[in-house]
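Descriptive analysis of the structure
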Amino acid sequence: MSNNILVTGATGNVGSEVVRLLSKRGYSVKAAVRSHSASRIHLPSGIESVAFDFEQTQTFEPAFRGINTLFLVRPPAISQVKKYIYPALTIAQATGVDRIVFLSLLGAERMAIVPHAKIEAYIKSLGLVYTFLRASFFMQNLSTTHSQDIRDRNEIFVPAGKGKTSFIDVRDIATVAVKVMTEPGHEDRAYPLTGSEALDYYEVAEIFTNVLGRQIVYTHPSFLKFARKMYVRGLQPGLIVVMLGIYTTARLGLAAKVTEDVRHLLQRSPISMEEFVRDYRASWM
Ligand SMILES: NC(=O)c1ccc[n+]([C@@H]2O[C@H](COP(=O)([O-])OP(=O)(O)OC[C@H]3O[C@@H](n4cnc5c(N)ncnc54)[C@H](OP(=O)(O)O)[C@@H]3O)[C@@H](O)[C@H]2O)c1
């Protein structure tokens, strides 16, 4: 049976890597992109794209036509999943999608309040074949959201206290996603995906210092100082609240869980923080 795959979030951290890997390996893949985004510059050349926006219901049916596997990313800005994500999934199923691989969150099964848990429950209620990739905190947050502080001030500025986090590289998540979408045996499974160790931000700063060859300091700001700085920087209050929630989890030691799933699935060690910093060093120069 043919396996036609549609990737949402195709211009984002994980989706862009999923698209790149699928296309490199010769699979039939389409990138679902918002028509107004400058998507082309984020997509590998030659990738077919289709207009898709969770906030534009008329884009759903044409995007899902001919697709049987959906890689689903919930855009971080969408918290009203009932309003924006459920309708897309209902139409996906009606149009012929029979399998969803969903980028979820580590521990989602214990946190009914997070959007990811609601989406998981809805996918199950539709009776679709599913694989949930419950990912830990991305290393790439340090090369995107927090890169400016490291690049311009040599500081890691997050309110995570001394808590440890089992950072994962999005390239590992994408590699797992491609595997579960193209091989049998992952139906109706949920995989908790983490790196191979949990690090606190003092240890992360030390790795940055060693790899970049200049002193990088973890300045462990208070929640208030962090929130104020993010607000001045122009981040939406809703997003700042989400970030505070994430770093509270880390501060309380709840982001430190390490699993063996990436190693078992990929038959190799997860990408380490050292490798990540080496590969992305241009982000902080
Ligand atoms: N960051 C972490 O540490 C972490 C850890 C675990 C799980 N997660 C989860 O991972 C997901 C984010 O993944 P990511 O970091 O790969 O994404 P990302 O880089 O934040 O990119 C978001 C993607 O969603 C697209 N998008 C935004 N609004 C849209 C809309 N209305 N309709 C359709 N597409 C839209 C964006 O397209 P445009 O180019 O058009 O903007 C972009 O491709 C979130 O659900 C997050 O909770 C994150």
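Our subject in this report is the structure included herewith. This is a predicted model, so every value here is computed, not measured.

What follows is about helix α7 (residues 170–182). Its 13 residues give α7 an end-to-end C-alpha distance of 18 Å, which sits within 8% of 18 Å, the value for a rise of 1.5 Å per residue. Within α7, 11 of the 13 residues are buried, which leaves the element mostly enclosed by the surrounding structure. Among the residues of α7, Val 170, Arg 171, Asp 172, Ile 173, Ala 174, Thr 175, Val 176, Ala 177, Val 178, Val 180 and Met 181 are the ones counted as buried.

Here we come to the sheet that holds strand β3 (residues 48–51). Pairing is parallel across the open sheet formed by seven strands, whose spatial order is β3-β2-β1-β4-β5-β6-β8. Looking at the sheet topology across the chains shown, the edges are occupied by β3 and β8 (189–193). Sheet twist, expressed as the mean angle between neighbouring strand axes with direction ignored, is 20 degrees. The pairing of strand β4 (residues 69–72) with strand β5 (residues 99–105) spans four bridges and is parallel. Note that in β5 the partner of Thr 69 across the bridge is Arg 99. The strands touched by helix α1 (residues 13–24) are β1 (5–7), β2 (29–33), β4 and β5; relative to β1, the strand with the most contacts, the crossing angle is about 150 degrees. Across the sheet, helix α5 (residues 115–126) is in contact with β4, β5 and β6 (129–135); its angle to β5 comes to roughly 160 degrees.

Analysis parameters
- The residue numbering used here restarts from 1 in each chain and proceeds along that chain's sequence as written.
- Two thresholds apply to this predicted model, a pLDDT of at least 70 for residue-level local features and 80 or more for giving and counting side-chain atom pairs, whereas whole-chain, interface and lining totals are computed over all residues.
- Side-chain calculation: all heavy atoms of the structure are included, whereas hydrogens and water are not.
- Think of it this way: any DSSP run of H or I at least four residues long counts as a helix, any run of E at least two long counts as a strand, and we number them from the N terminus.
- Here a helix's expected span is defined as the number of its residues, less one, multiplied by 1.5 Å.
- Burial status follows relative accessibility: with a 1.4 Å probe on protein chains alone, a residue under 20% of its type maximum counts as buried, one over 50% as exposed, and anything between as partly exposed.
- At least two bridges found by DSSP between two strands is the condition for calling them paired.
- To get an axis, a line is fitted to the C-alpha atoms, and for a helix only the part in contact is used. The angle between two axes follows their N-to-C directions and goes from 0 to 180 degrees.
- Contacts are assigned to residue pairs that have any heavy atoms within 4.5 Å of one another.

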